[in-house]
Amino acid sequence: MTRMSAFSSPFMLGFDDIERVLDRVSKAANDGYPPYNIERLPKSDEHGEVIRITLAVAGFTRDQLDVSVEERQLVIRGRQSEDKSRQYLHRGIAARQFQRAFVLAEGIEILGADLKDGLLSIDLVRPEPERVVRRIEITARD
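If you're wondering where the values come from, they're calculated on a predicted model, not measured in any experiment.

Quick look at the environment of Phe98
Position of Phe98 relative to the elements: it lies in strand 5 (residues 98-103). In this structure Phe98 comes out as buried when scored by relative accessible area, which is 7%. Here the alpha-carbon distance between Phe98 and Pro34, two residues 64 residues apart in the chain, equals 7.4 Å. Discounting chain neighbours no more than four positions away, the residues touching Phe98 are Tyr33, Pro34, Leu55, Val57, Phe60, Leu65, Ile76, Arg77 and Gly78.

Section: the side chain of Arg77
In this fold, Arg77 is placed in strand 4 (residues 73-78). A distance of 2.9 Å separates polar atoms of two side chains, one belonging to Arg77 and the other to Glu70.

Details of the pairing of strand 5
In strand 5, alternate side chains face the same way, and those of Phe98, Arg100 and Phe102 are buried while those of Gln99, Ala101 and Val103 on the opposite face are not. Two strands pair when backbone bridges link them, and strand 4 and strand 5 are joined in this way by six bridges, in the antiparallel orientation. In the strand pairing of strand 5, Leu74 is matched with Phe102.

Describing unusual backbone geometry
Of the consecutive residues Tyr33 and Pro34, the connecting peptide bond is found in the cis state with omega at -5°. Unlike most non-glycine residues, Glu71 shows phi in positive territory, near 50°. Summarising the element assignment, Glu71 is placed in the loop between strand 3 (65-70) and strand 4. One non-glycine residue, Arg72, adopts positive backbone phi at about 60°. Its location among the elements puts Arg72 in the loop between strand 3 and strand 4.

Conventions we followed
Residues numbered from 1 in each chain as written. Predicted model: local features only at pLDDT ≥ 70, side-chain atom pairs only at ≥ 80, totals over all residues. Heavy atoms only, no water. Helix = DSSP H or I, 4+ residues; strand = E, 2+ residues; numbered from the N terminus. Buried < 20%, exposed > 50% of the residue type's maximum accessible area, 1.4 Å probe, protein only. Contact = heavy atoms within 4.5 Å. Polar contact = N/O pair within 3.5 Å; in protein donor to acceptor, adjacent residues only side chain to side chain. Pairing = 2+ DSSP bridges.

If you want it as structure tokens, here you go:
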């Protein structure tokens, strides 16, 4: 049986890659850890529109965090190891691993990442697209 989607329209050509990305995002398991914010920063002369992703990563050091771009996805990983020398009477702060992925649109560039006060901030920029109008010549066939 053929599956119908919004991208099945004959007027939407070449969008099958977007459909695969949407399927991947919808199937991704999100347990909500670590919590994050996404905000739009004011435009500046230096950069166009800047988007900042901020993750709450309290207890993680810079060496325990990894930020990479894999197949048009921004992937943030955190790995903490158990400190066997500590003896806990109560353990409410778990040493746990996480992986959080964000699908990036075509042309998005990573400006950098910053860790301060338990918050990991990653700035992304979307360069202004060049508006191009191209005229297609029509040839006559007789």
